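Residue strings, one per chain:
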Amino acid sequence: KVVDEMNNSKQVKTKQRVTDHGEVFTSSKEVNAMLDLVSQETENINSTFLEPACGTGNFLVEILRRKLAIVERRYSKNQVEFERYAIAALCSIYGVEKMEDNTKECRQRILGVFTHFYINNFKKVKTEFLRVAEFLLKRNILCGDALSLRDSNKQPIVFSEWAFVMGSKIKRRDFIFEELIP
């Protein structure tokens, strides 16, 4: 029943990746301890999170898991409401990762947790609903460098803000991720 458990013993993929990229993953114990410090926000479906070095998504997966637990508790009796608030939770999670393989793995892990919560609550699975989730993840979990503010194509990082309009329709506004100059 446990979905996507983080591997506590594997905080490093290879020594070379640590040397070349400084890549070290945060263990589930550390992730949960840190998120417990802001539990009021992690349990707010609409609170926005940006992980500027998201790796394979250890923080983002756990944030989504906590948000979806709230969605499940409140809306599991009504599929339409569950879908709306599950998408709202997903829309509020953003990540940037330098390594393309990590970016893909992060998206897959988040989609896996999202899909698990959905399938666990409803027998009639709407594939178009899961495609929407996949699309949102492609817009919200980006390959790039949060320090240079550039994506993997050396273009400015662009994030989308999502808002529900007219019931179940979603409006997108794009913003360039840039440094604020005082």
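Everything below is about the structure shown above.
The following refers to the structure shown. In this text the structure is predicted, and so the values were computed from the model without any measurement.

Thoughts on the overall build of the chain
For the chain, the helix and strand inventory stands at seven helices and six strands. When its helices and strands are written in sequence order, the chain yields α-α-α-β-α-α-β-α-α-β-β-β-β. Taken over 182 residues, the chain has a buried fraction of 42%. Put simply, of all contacts in the chain between residues at least 6 apart along the chain, 65% involve residues at least 24 apart. About 10800 Å² of surface is accessible on the chain, with carbon and sulfur atoms providing 52% of the total.

Section: the side chain of Glu-62
Positionally, Glu-62 belongs in helix α4 (residues 58–75). Its relative accessible area of 10% is what places Glu-62 among the buried residues. Excluding its chain neighbours within four sequence positions, the residues that come into contact with Glu-62 are Val-31, Asn-32 and Leu-35.

Brief notes about the sheet that holds strand β2 (residues 93–97)
Taken together, the four strands give an open sheet; going across it, the order is β1-β2-β3-β4, and neighbouring strands pair in mixed fashion. Looking at the sheet topology across the chains shown, the edges are occupied by β1 (49–51) and β4 (150–151). Pairing between β1 and β2: three bridges, direction parallel. Each residue of the ladder has a partner; that of Glu-51, found in β2, is Gly-95. Across the sheet, α4 lies against β1, β2 and β3 (141–145), angled at about 170 degrees from β2, the strand it touches most.

Regarding the pattern of salt bridges
The tally for this structure, following the rule as stated, stands at seven salt bridges. Here Asp-36 and Arg-66 are joined by a salt bridge, their closest N and O atoms 2.9 Å apart. Note that Asp-36 is positioned in helix α2 (residues 28–36) and Arg-66 in helix α4, a separation of 30 residues in sequence. Given the relative accessible area of 45%, Asp-36 is considered partly exposed. Where Asp-174 meets Arg-139, a salt bridge forms, and the shortest distance between an N and an O atom there is 3.3 Å. Here the residue Asp-174 occupies a position in strand β6 (residues 169–176), and Arg-139 occupies one in helix α7 (residues 127–140), the gap between them amounting to 35 residues. Salt bridges linked by common partners bring Asp-36, Glu-62, Arg-65 and Arg-66 together as one network.

A look at the nonpolar core
Counting 43 residues, the largest nonpolar core has Leu-60, Leu-64, Leu-68, Phe-82, Leu-90, Ile-110 and Phe-114 as the members making the most contacts within it. Going through the elements one at a time, α2, α4, α5 (79–91), β2, α6 (100–121), α7, β3 and β5 (158–165) are the ones with two or more residues in this core. Per element, the largest residue contribution to this core is nine residues, and it comes from α4. Ignoring anything within four residues of it in the chain, the contact list for Phe-114 reads Leu-64, Leu-68, Ala-86, Ile-87, Leu-90, Phe-129, Leu-130 and Ala-133.

Quick look at α2
Taken residue by residue, α2 has Ser-28, Val-31 and Leu-35 as its buried positions. All buried residues of α2 lie within an arc of 60 degrees about the axis, which places them on one face of the element. Summarising the contacts, the buried residues of α2 are in contact with α3 (39–42) and α4.

Describing unusual backbone geometry
Positive phi outside glycine occurs at Leu-149, with the angle close to 65 degrees. The phi dihedral of Lys-154 is positive, around 65 degrees, even though this residue is not glycine. One can find Lys-154 in the loop between β4 and β5. A relative accessible area of 64% places Lys-154 in the exposed class.

Parameters at a glance
- Residues numbered from 1 in each chain as written.
- Predicted model: local features only at pLDDT ≥ 70, side-chain atom pairs only at ≥ 80, totals over all residues.
- Heavy atoms only, no water.
- Helix = DSSP H or I, 4+ residues; strand = E, 2+ residues; numbered from the N terminus.
- Buried < 20%, exposed > 50% of the residue type's maximum accessible area, 1.4 Å probe, protein only.
- Contact = heavy atoms within 4.5 Å.
- Areas by Shrake-Rupley, 256 points an atom, 1.4 Å probe, with all protein chains shown as cover.
- Pairing = 2+ DSSP bridges.
- Axes fitted to C-alpha atoms, helices over the stretch in contact; angles between N-to-C directions.
- Salt bridge = Lys/Arg side-chain N within 4 Å of Asp/Glu carboxyl O.
- Core = buried A, V, L, I, M, F, W, Y, C linked by side-chain atoms within 4.5 Å.
- Arc of directions from axis to C-beta.

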